Amino acid sequence: MVKGIIENIFSIQDYGETHHILRLFGIKLKFPKKEYALKNKQNPYHYYKKNNIDITTVPKATGQIRDIQLANLALLKELDYVCKGNGLQYWLDYGTLLGAIRHKGFIPWDDDIDVAMMREDYEKIIDAFLKSTRNSDIYAEETYLGKSQTIIKVKHKKCPHLFVDIFPREYSNSVLDKEQRLSETKKLYQIRNSLKKDKTLDTSSKVKERVHQIQSEIIPDKYVEKSDIQYSLEYFYTEPLWIHSYDTIFPLKPIEFEGFSAMGVNRAEDYLSDIFGNYMAYPKKMGFGHSMYITLSEEEKEVIKKLGGQE
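Residues numbered from 1 in each chain as written. Predicted model: local features only at pLDDT ≥ 70, side-chain atom pairs only at ≥ 80, totals over all residues. Heavy atoms only, no water.

J.: What is the right way to look at the pairing of strand 12 (residues 260–264) in this model?
T.: The two faces of a sheet get side chains in turn, since along a regular strand they alternate between them. By the criterion of burial, strand 12 is predominantly enclosed, with four of the five residues buried. Summarising the sheet, strand 11 (residues 253–257) and strand 12 pair through five bridges and their orientation is antiparallel. Among the inter-strand pairings, Pro254 is bridged to a residue of strand 12, identified as Met263. Counting the residues that bridge the hairpin from strand 11 to strand 12 gives two residues, and of these Glu258 lies at a positive phi of roughly 55 degrees. (Buried < 20%, exposed > 50% of the residue type's maximum accessible area, 1.4 Å probe, protein only. Helix = DSSP H or I, 4+ residues; strand = E, 2+ residues; numbered from the N terminus. Pairing = 2+ DSSP bridges.)

J.: What am I meant to see in empty space enclosed by the protein here?
T.: Gaps left between atoms are located by rolling a probe of water-molecule size over the structure's atoms. Applying the stated criterion to the full structure yields one cavity of 30 Å³ or more. Considered as a void within the structure, the largest cavity measures approximately 30 Å³ in volume. Looking at the largest cavity, the residues that line it are Gly95, Thr96, Phe106, Ile107, Asp110, Asp112 and Phe257. (1 Å grid on protein atoms, 1.4 Å probe; cavity = no way out; pocket = protein on both sides within 12 Å on 5 of 7 lines; lining within 4 Å. Points joined across faces, edges and corners; volume = space filled by probe spheres on them.)

J.: For this particular structure, what's the right way to read the layout of surface pockets?
T.: Volume-wise, the second largest pocket comes out at about 290 Å³. Forming the boundary of the second largest pocket are 15 residues, of which Glu170, His212, Gln215, Ser216 and Ile219 lie nearest the centre. Mapped by element, the contributors of at least two residues to the lining of the second largest pocket are strand 8 (163–171) and helix 9 (204–218). Looking at the lining of the second largest pocket element by element, the count peaks at five residues for helix 9. Partitioning the lining of the second largest pocket into residue classes produces four nonpolar, four polar and seven charged. (Nonpolar A, V, L, I, M, F, W, Y, C, P; charged D, E, K, R; others polar.)

What follows is the structure in structure tokens.
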């Protein structure tokens, strides 16, 4: 008991392979481990930023991060195949869409893939993978992320460091102007923030049940043609705008990503401006991706190389 009290006052624990968590009087702070911080400081891309070199000319990643990028690309290709075979739609989102527009592929210092799907298709993707995947090791699964958050991830059975995140989207059954969408975003943020603090929402099923209840209350029960599209409440977003016009998203358009024809939104430049502001500028932070410095087993390395077409 005494140990528990002391740990609540002050403790430092591992947070994955790259960070520590410091707890001090109930406040939690995440900070990088010394080796990870040093390697990030030596990040070669800082040279390009410091010298204001055209960001579109930054070279692609190398080494382990590139291997993981290409393996995740294989998961995206399988998602694309499953969606097309089952009449489902997805689109590249967040940093993945930004990478497609700015780099024709991955942002060099990033390694994960983000996509979005409308709710109707999102709820079908897990079963669609069970029915249609060409690789039995690749599957889709609802994943609880902590802090009352859950999303579906495309994963690989033999390598937990590979994944494609799928984020759900909803029709808002309204058509608003930009200022109104910003105002409504603040309301959604407050709702999501209250969910984040609800410690009873500790499983994916509980989160989805509660979110479904809330959204049935806040989204009008009526059909509106070309309704605005809003972020669902299963996840806590940091973007300033959580609602986009229908025409910003649809109709979806093919977009090049690492030489592969994936699906992107209708007005990608407008969409990225809403999310990132000046998306052609260097970001404030340029830390390497999720898996740059993780320790991989020999089996995982073999899986990654094979998926990435490097053996």
